[in-house]
Amino acid sequence: MIKAHKIRINPTAEQEEFLWRCAGVARFVFNRGLAQWKTEYEAGLKPTALSLRKEFNVVKREECPFVMEVPKDVAEGAFSDLGRAFKNFFDSVTGKRSDKVGYPRFKSRKRSKPSFKVNNDKFRVDGHTLKLPKLKTLVNMVEPLRFDGKIMSGTVSFYAGHWYISIVIKMEKAEPVKHSLESVGIDLGLKTLATLSDGTIFENQKVLRSELRKLKKLNRQLARRQQGSNRWHKAKAKLQKLHARVANRRADIIHKMTHKIAKTYALIGIEDLHVKGMIRNRRLALSVADAAMGEVVRQLEYKCKWFGGKAQKVGRFYASSKLCSDCGHKNDQLVLSDRRWACAGCGTIRDRDFNASENIEQEALRLAFA
């Protein structure tokens, strides 16, 4: 089992200068490799990340002596990222990936997220301290590593005024959890984030909408500043911190919800939502993005594997809201504004979301044991 723990670190001024140099070298090596890849490809050659790295190692002492001031893992990680970017692009072209991935772009100091990689044998974690290669002093971490296992790699990154390290851990597969309930169906929506077939409801916190007024104000401030000035950078930092706070609040809500559901139910029925298509509706785009329903489904899928359960997807064209969960009658006249409706078949008053979750559970059971 592979898990990752992202921890905020608090470097001193001297340590932070070293981290910025590492991030700058990683960006430089990636851009140099991308330019070389394009040149060789246009010349009819077939470049790879490994061949480009070997060529770079031959000339780096003479042409780029500043690269030697940082750990060699930084350049190796940049070439690995370049190779993965091209693999994702070619897989997207050949149809091996369902999502569309564009051609790799050059990294910008202004636009791109500063980050670099370190190999597992080059850094150590001990409680609240982190030892990085070529850095003599220990870096403070706000919390110790939560997981026990073999450290595979680490990625140091900077976002919204803070430095972080993401540590990938290879762990032994845990014993399956004894679930208290057998099955459940989940209807994801905008009014309530998740309605479960047993009556449990998780409210949609709408974290982005709650900060929308402040977000618009900071965007106006940024637009009025001269791009590149000190005040522009300060306004940009404030805006970035607000986005980070919204993202962190949303992630906290979703992680707690999905952890509780995955640990409680052995079989979870979820809809195979087409979130990209839903976002195309300009009236609902903000609400759909704020709810992050695609992230909910993703987390439920991998957390079910952690706890020994199963997440069963139900087809997106399955009419879960229109079918009566008691008699199976289909209400073709149902519209989005109808939150409660009377079944013409059995006369039962149905709650739209609860009825859909019951149908999803029944369909998930059918598909799982078909």
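Because the structure is predicted, anything quoted here is derived from the model rather than measured.

1. Quick word on the overall build of the chain
Secondary structure assignment for the chain yields 10 helices and 14 strands. For the chain, the C-alpha atoms occupy an extent of roughly 80 × 55 × 50 Å along the three principal directions. Taken across its 370 residues, the chain has 39% of its residues classed as buried. When contacts within the chain are restricted to residue pairs at least 6 apart in sequence, long-range pairs at least 24 apart make up 66% of them. Summed over all atoms, the accessible surface of the chain reaches about 21,700 Å², with 52% contributed by carbon and sulfur. Taken together, the 73 basic and 39 acidic charged side chains of the chain have centroids lying 7 Å from each other.

2. Observations regarding the packing of helix H1 (residues 13-42) against helix H2 (residues 49-63)
For the pair H1 and H2, interaxial distance at closest approach is 11 Å and the crossing angle is 120°. By the angle between their axes, H1 is oblique relative to H2. Judged by the sense of rotation from one axis to the other, the crossing of H1 with H2 is right-handed. Side by side, H1 and H2 meet where Val29, Arg32, Gly33, Gln36, Trp37 and Glu40 of the first sit next to Ala49, Leu52, Glu55, Phe56, Val59 and Glu63 of the second.

3. Thoughts on helix H10 (residues 352-368)
An α-helix turns once every 3.6 residues. As a result, residues three or four positions apart point the same way. Relative to the 24 Å expected for 17 residues at 1.5 Å per residue, H10 spans 24 Å between its end C-alpha atoms, a close match to the ideal helical length. Those residues of H10 lying buried are Arg352, Asp353, Asn355, Ala356, Ser357, Glu358, Asn359, Ile360, Glu361, Glu363 and Ala364. Where H10 is buried, its residues touch strand S8 (181-188), strand S9 (192-196), strand S11 (265-271), strand S12 (310-314), strand S13 (340-342) and strand S14 (349-351).

4. Observations regarding the nonpolar core
In terms of nonpolar packing, the biggest core is built from 39 residues, with Ile9, Leu19, Phe116, Phe123, Leu130 and Ile165 touching the most fellow members. For this core, the secondary-structure elements that each account for two or more residues are strand S1 (2-10), H1, H2, helix H3 (72-94), strand S2 (115-119), strand S5 (139-141), strand S6 (150-159) and strand S7 (162-170). Sorting elements by how many residues they give to this core places H1 first, with 10 residues. In this structure, leucine 130 is in contact with Ile9, Phe123, Arg124, Val125, Leu138, Val139, Met141 and Ile165, ignoring residues within four places of it in sequence. In terms of nonpolar packing, the next biggest core, distinct from the first, is built from 23 residues, Ile254, Ala262, Ile268 and Leu300 among them.

5. Let's talk about the pairing of S9
Extensive coverage of S9 is indicated by the burial of five of its five residues. Where S8 hands over to S9, the hairpin turn is made up of three residues, counted between the paired strands. Linking S9 back to strand S10 (residues 201-203) in an antiparallel pair, the connection comprises four residues, with glycine 199 at a positive phi of about 100°.

6. Observations regarding the pattern of salt bridges
Summed over the entire model, instances satisfying the criterion amount to 20 salt bridges. The residue aspartate 73 makes a salt bridge to lysine 122 at a minimum N-O spacing of 3.3 Å. Taken as a pair, aspartate 73 in helix H3 and lysine 122 in the loop between S2 and strand S3 (124-126) lie far apart in primary sequence, 49 residues in all. Residue class for aspartate 73 comes out buried when judged on its relative accessible area of 1%. In this structure, glutamate 363 engages arginine 366 in a salt bridge whose closest nitrogen and oxygen atoms are separated by 2.6 Å. Taken together, the residues glutamate 363 and arginine 366, both in helix H10 and three residues apart, mark about one turn of the helix. Because the salt bridges share partners, they merge into one network encompassing Asp272, Glu301, Lys313 and Arg316.

7. A short note on the sheet that holds S10
An order of S10-S9-S8-S11-S12 is seen for the five strands of this open sheet, with the pairing classed as mixed. Both edges of this open sheet fall to S10 and S12, since each of them pairs with a single strand only. Taken over all neighbouring pairs, the strand axes of this sheet differ in orientation by 20° on average, direction set aside. Looking at chain direction, S8 and S11 are connected through four bridges and run parallel. By the bridge assignment, glycine 185 is partnered in S11 with glycine 269.

8. What about unusual backbone geometry?
Not every positive phi belongs to a glycine, and lysine 206 is a case in point at roughly 50°. With respect to the secondary-structure elements, lysine 206 resides in the loop between S10 and helix H4 (207-210). We classify lysine 206 as partly exposed; its relative accessible area is 39%.

9. Here's the deal with the packing of aromatic side chains
Given two aromatic rings, their pairing is described by the distance between the two centres and the angle made by the two planes. Taken as a whole, this structure holds 11 aromatic pairs when the rule is applied. Ring geometry for phenylalanine 86 against phenylalanine 90: centres 6.1 Å apart, planes inclined by 25°, an arrangement best described as stacked. One end of the pair is phenylalanine 86 and the other is phenylalanine 90, both in helix H3 and four residues apart, which spans about a single turn. Phenylalanine 90 gets classed as partly exposed once you look at its relative accessible area, which sits at 35%. Here the basic side chain of lysine 3 rests over the ring of tryptophan 306, its NZ or CZ set 3.9 Å away from the ring centre.

Reading the values: the criteria
Residues numbered from 1 in each chain as written. Predicted model: local features only at pLDDT ≥ 70, side-chain atom pairs only at ≥ 80, totals over all residues. Heavy atoms only, no water. Helix = DSSP H or I, 4+ residues; strand = E, 2+ residues; numbered from the N terminus. Buried < 20%, exposed > 50% of the residue type's maximum accessible area, 1.4 Å probe, protein only. Contact = heavy atoms within 4.5 Å. Areas by Shrake-Rupley, 256 points an atom, 1.4 Å probe, with all protein chains shown as cover. Lys, Arg positive; Asp, Glu negative; His and termini not counted. Charge placed at Lys NZ, Arg CZ, Asp CG, Glu CD. Axes fitted to C-alpha atoms, helices over the stretch in contact; angles between N-to-C directions. Parallel < 35°, antiparallel > 145°, perpendicular 65-115°, else oblique. Left-handed = near helix turned anticlockwise from the far one by under 90°. Expected span 1.5 Å × (residues − 1). Core = buried A, V, L, I, M, F, W, Y, C linked by side-chain atoms within 4.5 Å. Pairing = 2+ DSSP bridges. Salt bridge = Lys/Arg side-chain N within 4 Å of Asp/Glu carboxyl O. Phe/Tyr/Trp six-rings, centres within 6.5 Å; stacked < 30°, edge-to-face > 60°. Lys NZ or Arg CZ within 6 Å of the ring centre and 35° of its normal.

It is worth stressing that arrangement in space is one thing and function is another; only the former is reported here.
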